[in-house]
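# Reading the structure
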Amino acid sequence: MKSINETHIKFPSKSINEGFARSVVSAFVMELDPTISELADIKTAVSEAVTNCIVHGYKREIGVVYIDAYITEEKRVVIKIRDKGVGINDVKQAMQPLFTTAENEERAGLGFAVMQSFMDKVKVRSTPGKGTTVTLEKLIVPIR
Amino acid sequence: MVQTDYKNDILTVYLKGEIDHNRAADIRVTIDSRINSLRPKKLELDFSKVSFMDSSGIGLIMGRYRAVGLVGGELKIKNVPENLSRIIELSGITSLGVF
Ligand SMILES: Nc1ncnc2c1ncn2[C@@H]1O[C@H](COP(=O)(O)OP(=O)(O)OP(=O)(O)O)[C@@H](O)[C@H]1O
Ligand SMILES: [Mg+2]
């Protein structure tokens, strides 16, 4: 992957930063001139991944959430969202629609399903006890 | 932050802005306290001023569906903007008969 631009941010896992993360990433992808709907897709997927770091990765503790975002030569956005929290034992099961370990917190179990439907590619790497990295990718189609 | 209106056994809630995990808790508390004190026959969630929603909003809707059901009422969802239609469809809540 050859990137033509990149940004790296980190912030404490406070829920107020969910909106901050959405705003930063959407400002970063503006140079690709995305459509309103592409931008909304990216914001929603970022919101899902960041919220997961906050509510599942770190639960009641405050840890650090990292975002590394890249724009490639072929106008692809690649966004890595990472926590050093509890990790996921069974990633395949976690990614099943409606699967959640936090039903009593009114979670729908749809975060990964949303990421997969709104982005071109979603990759999850997780080590129990070490943390989780979600990589989101989307090609921004130039306006014809 | 969340405006509500109660008339003819109908509790209407006008949601506004971005609905994410950060805001969902406050919205939930506001709506549930109204549900429990008013015991409405119908809870209407008006989404016309909502600019963003992620799966936390879906959890919020499903939770209010249950909460109003517990006092014998039903949920209706009104004025969903075009930009929220994809997440609503993906969630399957259309099958609850709330539209
Ligand atoms: N960063 C993470 N750290 C630890 N566990 C995670 C992380 N992200 C997801 N999970 C696990 O994967 C499950 C599914 O995540 P997903 O986002 O699909 O649903 P949810 O967060 O439970 O509900 P929703 O996103 O609809 O509010 C979570 O319940 C949790 O157990
Ligand atoms: Mg989630």
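Please refer to the structure placed before this passage.
Reference entry: report on the structure contained in this document. (Residues numbered from 1 in each chain as written. Chains lettered and ligands numbered in written order. Predicted model: local features only at pLDDT ≥ 70, side-chain atom pairs only at ≥ 80, totals over all residues. Heavy atoms only, no water.)

## Examining the nonpolar core
Ranked by size, the top nonpolar core spans 35 residues in total, and within it Ile42, Val46, Ile67, Ile79, Ile81 and Leu136 of chain A carry the most contacts. At the level of secondary structure, the elements contributing two or more residues to this core comprise β1 (3-12), α1 (17-29), α2 (36-57), β2 (64-72), β3 (76-83), α4 (111-118), β4 (121-127) and β5 (131-139) of chain A. In contact with Ile79 of chain A, other than residues within four places in its own chain, are Val25, Ile42, Val46, Ile67, Asp68, Ala69, Met119, Val134, Thr135 and Leu136 of chain A. The next biggest cluster of nonpolar side chains, apart from the first, holds 31 residues, and it includes Val68, Ile77, Ile87 and Ile93 of chain B. (Core = buried A, V, L, I, M, F, W, Y, C linked by side-chain atoms within 4.5 Å. Buried < 20%, exposed > 50% of the residue type's maximum accessible area, 1.4 Å probe, protein only. Helix = DSSP H or I, 4+ residues; strand = E, 2+ residues; numbered from the N terminus. Contact = heavy atoms within 4.5 Å.)

## Focus: α1 of chain A
Along an α-helix, a turn takes 3.6 residues, which lines up residues three or four apart on a common side. Helix length check: α1 of chain A (13 residues) gives 18 Å between terminal C-alpha atoms against 18 Å at 1.5 Å per residue, within 8%. Buried residues of α1 of chain A: Asn17, Glu18, Gly19, Ala21, Arg22, Val25, Ser26, Phe28 and Val29 of chain A, and no others. (Expected span 1.5 Å × (residues − 1).)

## Points about the environment of Asn5 of chain A
All names here are of chain A. In this fold, Asn5 is placed in strand β1. Taking the C-alpha atoms as reference points, Asn5 and Phe28, separated by 23 residues in sequence, lie 9.0 Å from one another. The contact partners of Asn5, leaving out residues within four places of it in the chain, are Phe28, Glu31, Ala69, Tyr70 and Ile71. A polar contact is formed between the side chain of Asn5 and the side chain of Glu31, at a distance of 2.6 Å. (Polar contact = N/O pair within 3.5 Å; in protein donor to acceptor, adjacent residues only side chain to side chain.)

## So, the interface of chain A and chain B
Taken residue by residue, the interface counts 23 residues in chain A and 20 residues in chain B. A buried area of about 1700 Å², summed over both sides, lies between chain A and chain B, and 50% of it is on carbon and sulfur atoms. When residues of chain A are sorted by the area they lose upon contact with chain B, Arg22, Glu106 and Leu110 of chain A head the list and together hold 32% of the total. Counting the contacts that link chain A with chain B gives five salt bridges. Across the pair Asp41 of chain A and Arg86 of chain B runs a salt bridge, and its minimum N-O distance is 2.9 Å. Listed by contribution, the elements that provide at least two residues to the side of chain A that touches chain B are α1, α2 and α4 of chain A. With eight residues, α2 of chain A is the largest single contributor of residues to the side of chain A that touches chain B. Residue composition of the side of chain A that touches chain B, grouped by class: eight nonpolar, seven polar and eight charged. (Buried area = accessible area lost by both parts, 1.4 Å probe. Salt bridge = Lys/Arg side-chain N within 4 Å of Asp/Glu carboxyl O. Nonpolar A, V, L, I, M, F, W, Y, C, P; charged D, E, K, R; others polar.)

## Comments concerning the site of ligand 1
If you check the shell around ligand 1, you find 21 residues, and the closest are His56, Thr100, Thr101, Arg107 and Leu110 of chain A. Separating an oxygen atom of ligand 1 from a side-chain N or O atom of Ser55 of chain B is a distance of 3.0 Å. In the complex, the protein chains occlude 96% of the 600 Å² of accessible area that ligand 1 would expose alone. Looking at the shell around ligand 1, the elements with two or more residues in it are α2 and α4 of chain A. Counting residues per element, the shell around ligand 1 draws most heavily on α2 of chain A, which supplies five residues. The residue inventory of the shell around ligand 1, partitioned by class, reads eight nonpolar, 10 polar and three charged. (Near = heavy atom within 4 Å. Areas by Shrake-Rupley, 256 points an atom, 1.4 Å probe, with all protein chains shown as cover.)

## Let's talk about the sheet that holds β3 of chain A
All names here are of chain A. What the five strands build is an open sheet, ordered β1-β2-β3-β5-β4; its pairing is antiparallel. Sheet topology places β1 and β4 at the edges, where each strand pairs with a single neighbour. Between one strand and the next, the sheet's axes are offset by a mean angle of 10 degrees, whatever the strand orientation. Across the sheet, α4 is in contact with β4 and β5; its angle to β5 comes to roughly 25 degrees. (Pairing = 2+ DSSP bridges. Axes fitted to C-alpha atoms, helices over the stretch in contact; angles between N-to-C directions.)

## Overview of the sheet that holds strand β3 (residues 42-53) of chain B
All names here are of chain B. Reading across from one edge, β1-β2-β3-β4 is the order of the four strands in this open sheet, with mixed pairing throughout. One side of each edge strand has no neighbouring strand; the edge strands of this open sheet are β1 (3-7) and β4 (74-78). Pairwise comparison of adjacent strand axes, ignoring direction, gives a mean angle of 20 degrees for this sheet. Across nine bridges, the pairing between strand β2 (residues 10-19) and β3 is parallel. In the strand pairing of β3, Ile19 is matched with Met53.

Limitation: the analysis is restricted to geometry and does not speak to function.
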